[in-house]
Amino acid sequence: MLKSDYDLVVMGSGPGGYVAAIRAAQLGMRTAIVEQDNFGGVCLNWGCIPSKSLLRNAQVLNLVRHSTNFGISFDNLNYDYSAAIDRSREVVNRLTKGVSFLLQKNNVEKISGTAMLRDQNTVTVRDTDRVLTSENIIIATGARQRSLPNLPIDGEIILTSREAIVDTVIPEKVVIIGGGATGVEFAYIYSSYGADVTIIELLERLIPSEDEEISLHLERSLKKQGIRILSGTEVSGIETNHDGATVSIINNDERSEIECGKVLVAIGVQGNIEDVGLESLGVRTERGFIVVDEKMQTN
């Protein structure tokens, strides 16, 4: 039997991937990691980290706005949202370089390209024609923003968080579809920078996967900031024009429309399980995600 190239190949370099790769290498395993985009994955590059950076900017801006509460007053407050975006990208770049350095320091081979399973011990790298054999393979391909047919994302007027996280222009009026973590974060950021914000949530409360008490406190806080919240409301369609969009909604069987400059679609995520070879191997999936046992192993 021929010896494999690696003890472990990791498909994807998000938090699930790069941490596993580094720990495996520390335990003496010959390890490679394959990434089609930037090392660090969506969380570091396009999600958690840049959004928290923007939230910090918004928090500082709100503190300054209410500085009279601390006996501090001044005239002519100026703020620049594009500078906040630039700062968030600087934070991302610094941390991405840190992840890349940690992989290199721990002798994890970094391979740029799109990984695809050929069989249970072989990964091909589509963009380089490399073939990697390994005793073990970790699928850590992450997730992307969920989309729906009646929410036609164009990346200009109708956005996902991927576009919104680098957009340097604050819309005068914005509708956010989805009251989960991503939706409420952007609602706070946009509102802090002067936008008229409406959150539309299909279920009866914001962040519905969290405790109800948290939802109540959060809703009270956002409403105090001037954010409009429409829970138990369905989006039936969106029409765009050169000025913005018209969002059609249904609430308690009553239909109405909201005019806005931009729409942010934040209705959760779906797993990146397509085109990675799962079907040909017969790997079980369920509702868009890979089924695993108590040891995180596939069938």
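Before any of the text, the structure's been laid out above.
Residues numbered from 1 in each chain as written. Predicted model: local features only at pLDDT ≥ 70, side-chain atom pairs only at ≥ 80, totals over all residues. Heavy atoms only, no water.

**Student:** Requested: an account of the overall build of the protein chain, with residues and values cited.
**Tutor:** The secondary structure content of the protein chain amounts to eight helices and 18 strands. Counting only C-alpha atoms and orienting by the principal axes, one finds that the protein chain spans roughly 70 × 50 × 40 Å. Looking at the protein chain as a whole, 43% of its 299 residues qualify as buried. At a minimum sequence separation of 6, the contacts of the protein chain that also span at least 24 residues come to 59%. Total accessible area on the protein chain is roughly 16,700 Å²; 49% of this is exposed by carbon and sulfur atoms. Charge centroids of the protein chain, computed over 29 positive and 40 negative side chains, lie 7 Å from each other. (Helix = DSSP H or I, 4+ residues; strand = E, 2+ residues; numbered from the N terminus. Buried < 20%, exposed > 50% of the residue type's maximum accessible area, 1.4 Å probe, protein only. Contact = heavy atoms within 4.5 Å. Areas by Shrake-Rupley, 256 points an atom, 1.4 Å probe, with all protein chains shown as cover. Lys, Arg positive; Asp, Glu negative; His and termini not counted. Charge placed at Lys NZ, Arg CZ, Asp CG, Glu CD.)

**Student:** Before we move on, could you go through the pattern of salt bridges and cite the residues and values that matter?
**Tutor:** Oppositely charged side chains are able to pair whenever their charged atoms sit close together. Here the structure, examined in full by the defined rule, presents seven salt bridges. Residue Asp167 pairs with Lys262 through a salt bridge whose shortest N-O separation is 2.5 Å. In this pair, Asp167 sits in the loop between α5 (161-164) and β9 (173-177) while Lys262 sits in strand β15 (residues 262-265), placing the two residues 95 residues apart along the sequence. Accessibility expressed as a relative area gives 17% for Asp167, which makes it buried. We classify Lys262 as buried; its relative accessible area is 17%. A salt bridge links Arg284 to Glu286, with the shortest nitrogen-to-oxygen separation between them at 3.8 Å. On the basis of relative accessible area, Glu286 is assigned to the partly exposed category, the value being 48%. (Salt bridge = Lys/Arg side-chain N within 4 Å of Asp/Glu carboxyl O.)

**Student:** Explain helix α7 (residues 212-224) residue by residue, including any values.
**Tutor:** Taking 1.5 Å of rise per residue, the 13 residues of α7 would be expected to cover 18 Å, and the 18 Å separating its terminal C-alpha atoms lies within 8% of that figure. Those residues of α7 that fall on the buried side of the exposure criterion are Ser215, Glu219 and Leu222. The arc that holds every buried residue of α7, seen down its axis, measures 70°, which confines them to one face. Opposite the buried face of α7, at more than 90 degrees from it, the exposed residues are Glu213, Arg220 and Lys224. In this structure, the buried side of α7 is in contact with α6 (181-192), β10 (196-201) and β11 (228-231). At the exit of α7 stands Gly226, carrying a positive phi of roughly 100°. (Expected span 1.5 Å × (residues − 1). Arc of directions from axis to C-beta.)

**Student:** Lay out the sheet that holds strand β1 (residues 6-11) with the relevant residues and their values.
**Tutor:** Pairing within the open sheet is mixed, and its six strands lie in the order β3-β2-β1-β6-β5-β4. Each edge of the open sheet carries a strand with a single partner, namely β3 (109-112) and β4 (115-119). In this sheet, adjacent strand axes meet at a mean angle of 45° when their direction is disregarded. Where β1 lies against strand β6 (residues 130-139), five bridges are found, and the strand directions are parallel. If you follow Val10 over to β6, its bridge partner there is Ile138. Packed on one face of the sheet, helix α1 (residues 15-26) meets β1, β2 (31-35) and β6 and runs near 165° to β2. (Pairing = 2+ DSSP bridges. Axes fitted to C-alpha atoms, helices over the stretch in contact; angles between N-to-C directions.)

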